[in-house]
Amino acid sequence: MSVNIVAFGNERDVLSEDSQQSSLMWSYLRRSALISEIDSSPSAEHARSPVTTEYQACVFGNVRLVVHDCPLWDIFDSDWYTSRSLIGGADIIVIKYSVNDKTSFQDLKDSYVPMIKKALNHCSVPVIISAVGARKNVPCTCPLCTLDRRSCVTTSEGAQLAKEFGATYLELHALNDFYIQKYFGGVLEYFMIQSLNQKSSEKMKKRKKTQKCHRLQPPQLEQPEKMPILKGEASHYDSDLHNLLFCCQCADVAFYSEDSSKVVKAHKVILCSVSHVFMLLFDVKSPADIHDPSILRTAQNLFAVEAGAGLLTPHGVPPCSVPVRVVVKDSDFCSCLSDILHFIYSGAFQWERLEENIKKKLKDSEKAEHVLEKVKCILKTPEKVNSLRDCQSHQIKRLYSTSLRLFFNTPVLADVIFTIQGATVPAHRAVLVARCEVMAAMFNGNYLEANSILVPVYGVSKDTFLSFLEYLYTDSCCPASILQAMSLLICAEMYQVMRLQHICELYIITQLQSMPSRELASTSLSIVSLLKKAKFHNSDCLSTWLLHFIATNYLIFSQKPEFQDLSVEERSFVEMHRWPSSMYLKQLAEYRNYIHSQKCHCTIM
């Protein structure tokens, strides 16, 4: 027997100077007297999903304990299916956060708790919400006080979240023996005992059923054939944007040194998505919008936009055809600008490589440190602490990276407008060209759209096209229904965005698999119609799976009028792979006739 615990969230204080602070789950495993034979060696699953750490141990003597610790919430954005699988197999869920990280708590409350609720789907899995750490600046309750009330997560906020979630709320002021063993450990071990009792009860019921003897056994029903497994495609979001810098398509910024020699071209929307300095430089934000003096000083001292660079372009000519000229005032920074832009375009993730490249190029440690501090200032978020010495890549990304979502469906910096169903949708050529090969050919080839600001869109609805653009900007999508996912799949096939097509396929399959038989029998959704659309739009994996799905649920679909719309070839496949098989139904009828002729009572029938 085993107990599976899944822990989400990062309880470590990002402002703390203790970089070796142990995690909550690892501290419990090491300190608890009930735990033995701890194995923390990386597993095969950890190798595939580096954001998850797996621990295995024994509890209560011989009960296998498996703990999945996921400190980064990125798993819900980048690999939704893995996160859903973890939640589905959990006996206990632990949600952790630092009381000194209000931003992460707000993200947890607004974004990730609803995702966990949806994945649980009303399952009675116990949830523990743990607030870790001692508050460093307790907010004043005086109504006249001007202290920042939002810098810490209060007890009432954590308790309210637990109440809304139906979870148990714990406050752990320190990861010591008292809070780990007696407080957190006591609650966790109580839920482990409850889980084991429930599993023992279910096991006993199954055993009693199997011990019942029958004088005559009914025919054995074989399991249906295994359906084809669809594998998701890895994201290439960062590499798409990185390749955009290499090809320089749709560039609308040109950086120059003070002696007017060209350095490199770039794109406003990419730069502004990661830096408030560039937002200020390209008039996306005004100085009044930014209350951090260091960002204002960095923009003024490091860059200068040449006069006349922002003039309007002739009618009908895309704005990106005349790049804005920006002078880089710092010569050392200018010489490393190419490496810095590669770092930004690759997702601001490879900080160690950037450090190495700058030190190798400048060959002077003081100058290199000066340039690196400038990079940190450029990537700085207003009102964030700037104590980032000795930072690792994941910390830089966590503090600095923002999203192109800021510029999705907004006219700010937009250089193309789609017209669809009488409405207009603003967009940015750089993002479209980087993320979609069809649009790259459309905007850079000998097509009318290459020199036009207004681009009409036909064949899809406005909502579907907005969902498609949202994926291009954010690398994520959440269809509201199976029909919407199919519409988005058709749009993805039209623009040849294969990963989005696979995501829609997986969504449709997941939704159909979770649909109970009763709902499947009464639904107005036509599975045969989905099959026809999948075949027409070259979705071979989905069409094959849908055929297997119809065959596996033969008794339901054979009674529906839409079953007659299957082609001869499709009908032949379904009849060959149907479940239950015609042979089983024949044997079952013979068994019923025998039971009736013997006039004996069958406990199964």
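Heads up: these notes are all about the structure in this document. (Residues numbered from 1 in each chain as written. Predicted model: local features only at pLDDT ≥ 70, side-chain atom pairs only at ≥ 80, totals over all residues. Heavy atoms only, no water.)

**Details of the overall build of the protein chain**
Tallying secondary structure elements over the protein chain gives 27 helices and 14 strands in all. Across the 605 residues that make up the protein chain, the buried fraction comes to 46%. Long-range pairs, those at least 24 residues apart, make up 66% of the contacts in the protein chain between residues at least 6 apart in sequence. About 31,900 Å² of surface is accessible on the protein chain, with carbon and sulfur atoms providing 52% of the total. (Helix = DSSP H or I, 4+ residues; strand = E, 2+ residues; numbered from the N terminus. Buried < 20%, exposed > 50% of the residue type's maximum accessible area, 1.4 Å probe, protein only. Contact = heavy atoms within 4.5 Å. Areas by Shrake-Rupley, 256 points an atom, 1.4 Å probe, with all protein chains shown as cover.)

**Describing the pattern of salt bridges**
Applying the stated criterion to the full structure yields 16 salt bridges. Residues Glu 373 and Lys 376 are paired through a salt bridge, measuring 3.7 Å at the closest nitrogen-oxygen approach. Taken together, the residues span about one helical turn, with Glu 373 and Lys 376 both in helix α15 (residues 365-379) at a distance of three residues. Judged by its relative accessible area of 24%, Glu 373 is partly exposed. Note that Glu 470 is salt-bridged to Arg 405, the shortest N-O span being 3.1 Å. In this pair, Glu 470 is assigned in helix α19 (residues 462-474) and Arg 405 in the loop between α16 (393-400) and β12 (416-420), connecting sequence segments 65 residues apart. Residue Arg 405 is classed as partly exposed on the basis of its relative accessible area, which comes to 42%. Put simply, Asp 240, Arg 435, Asp 475 and Arg 499 are held in one network by salt bridges that share partners. (Salt bridge = Lys/Arg side-chain N within 4 Å of Asp/Glu carboxyl O.)

**Structural notes on the sheet that holds strand β2 (residues 35-39)**
Judged by pairing direction, the sheet is mixed, and its seven strands sit side by side in the order β2-β3-β4-β1-β5-β6-β7 without closing on themselves. The two strands at the open ends of the sheet, each matched to only one other strand, are β2 and β7 (168-172). The sheet shows a mean angle of 25° between the axes of neighbouring strands, taken without regard to direction. As judged from the four bridges shared by strand β1 (residues 2-8) and strand β5 (residues 92-98), these two strands associate in the parallel manner. Looking across to β5, one finds that Val 6 is bridged to Ile 93. Each of β1, β2, β3 (53-59), β4 (63-70), β5, β6 (127-132) and β7 is contacted by helix α1 (residues 24-31), which is oriented at about 125° to β2, the strand it contacts most. Helix α5 (residues 102-120) contacts β1, β5 and β6 of the sheet and is inclined by roughly 170° relative to β5. (Pairing = 2+ DSSP bridges. Axes fitted to C-alpha atoms, helices over the stretch in contact; angles between N-to-C directions.)

**Considering a nonpolar patch on the surface**
Among the surface-exposed residues, Leu 34, Phe 60 and Ile 193 lie close enough to one another that they form a single nonpolar patch of about 220 Å² accessible area. Looking at the secondary structure, you find Phe 60 in the loop between β3 and β4. (Patch = residues over 30% accessible without salt bridge, like charges linked within 9 Å, V, L, I, M, F, W, Y side chains within 5 Å.)

**Overview of the environment of Leu 245**
Its location among the elements puts Leu 245 in helix α8 (residues 237-247). Leu 245 gets classed as buried once you look at its relative accessible area, which sits at 5%. In this structure the C-alpha to C-alpha distance between Leu 245 and Ser 346, which are 101 residues apart in sequence, comes to 9.4 Å. The contacts of Leu 245, once residues within four sequence positions are left out, are Lys 265, Leu 341, His 342 and Tyr 345.

**Quick notes on unusual backbone geometry**
In this structure, the amide linkage connecting Trp 579 to the following residue, Pro 580, adopts the cis form with an omega of -5°. In this structure, Pro 580 sits in the loop between α26 (568-577) and α27 (582-598). Look at Asn 409: it is not a glycine, yet its phi comes out positive at around 55°. Summarising the element assignment, Asn 409 is placed in the loop between α16 and β12. The phi dihedral of Leu 413 is positive, around 65°, even though this residue is not glycine. In this fold, Leu 413 is placed in the loop between α16 and β12.

**Describing the nonpolar core**
In a soluble, globular protein the nonpolar side chains are often hidden away together inside. Phe 255, Phe 303, Phe 418, Phe 465 and Phe 468 are the most contacted members of the largest nonpolar core, which totals 113 residues. With residues up to four places along the chain from it excluded, the contact list for Phe 468 reads Cys 436, Met 439, Leu 488, Cys 491, Ala 492, Tyr 495, Val 497 and Leu 500. (Core = buried A, V, L, I, M, F, W, Y, C linked by side-chain atoms within 4.5 Å.)

**Quick look at the packing of aromatic side chains**
Counted by the stated rule, this structure contains 22 aromatic pairs. Both rings, one in Phe 255 and one in Phe 303, keep their centres 6.0 Å apart while their planes meet at 50°; by these two values the pair is tilted. Pair noted here: Phe 255 is in strand β8 (residues 253-256) and Phe 303 is in strand β10 (residues 303-305), with a separation of 48 residues, a long-range link. Its relative accessible area of 0% is what places Phe 255 among the buried residues. Seen in terms of ring centroids, Phe 465 and Tyr 495 are 6.3 Å apart; in terms of plane orientation they differ by 50°. Their pairing is tilted. With Phe 465 in helix α19 and Tyr 495 in the loop between α20 (482-494) and α21 (498-513), this residue pair connects regions lying 30 residues apart in the sequence. (Phe/Tyr/Trp six-rings, centres within 6.5 Å; stacked < 30°, edge-to-face > 60°.)

**Thoughts on the sheet that holds β12**
A sheet is described by the order of its strands in space; here three strands give the open sequence β13-β12-β14, paired in mixed fashion. Two strands bound the open sheet, and with one partner strand each, they are β13 (423-427) and β14 (454-456). Strand-to-strand twist in this sheet, taken as the mean axis angle between neighbours without regard to direction, amounts to 30°. In this structure, β12 lies alongside β14, joined through three bridges in parallel fashion. The residue bridging Thr 419 from the neighbouring strand is Pro 456, located in β14.

**A look at the packing of α20 against α21**
Where α20 meets α21, the axes come as close as 8 Å, and the angle between the chain directions of the two elements is 160°. The angle between α20 and α21 places the two elements in the roughly antiparallel class. Along this stretch, α20 crosses α21, giving a crossing that reads as left-handed. Two secondary-structure elements touch here, α20 through Ile 482, Ala 485, Met 486, Leu 488, Leu 489, Ala 492 and Glu 493 and α21 through Leu 500, Gln 501, Cys 504, Glu 505, Tyr 507, Ile 508, Gln 511 and Leu 512. The class makeup of the residues in the contact of α20 with α21 is 11 nonpolar, two polar and two charged. (Parallel < 35°, antiparallel > 145°, perpendicular 65-115°, else oblique. Left-handed = near helix turned anticlockwise from the far one by under 90°. Nonpolar A, V, L, I, M, F, W, Y, C, P; charged D, E, K, R; others polar.)

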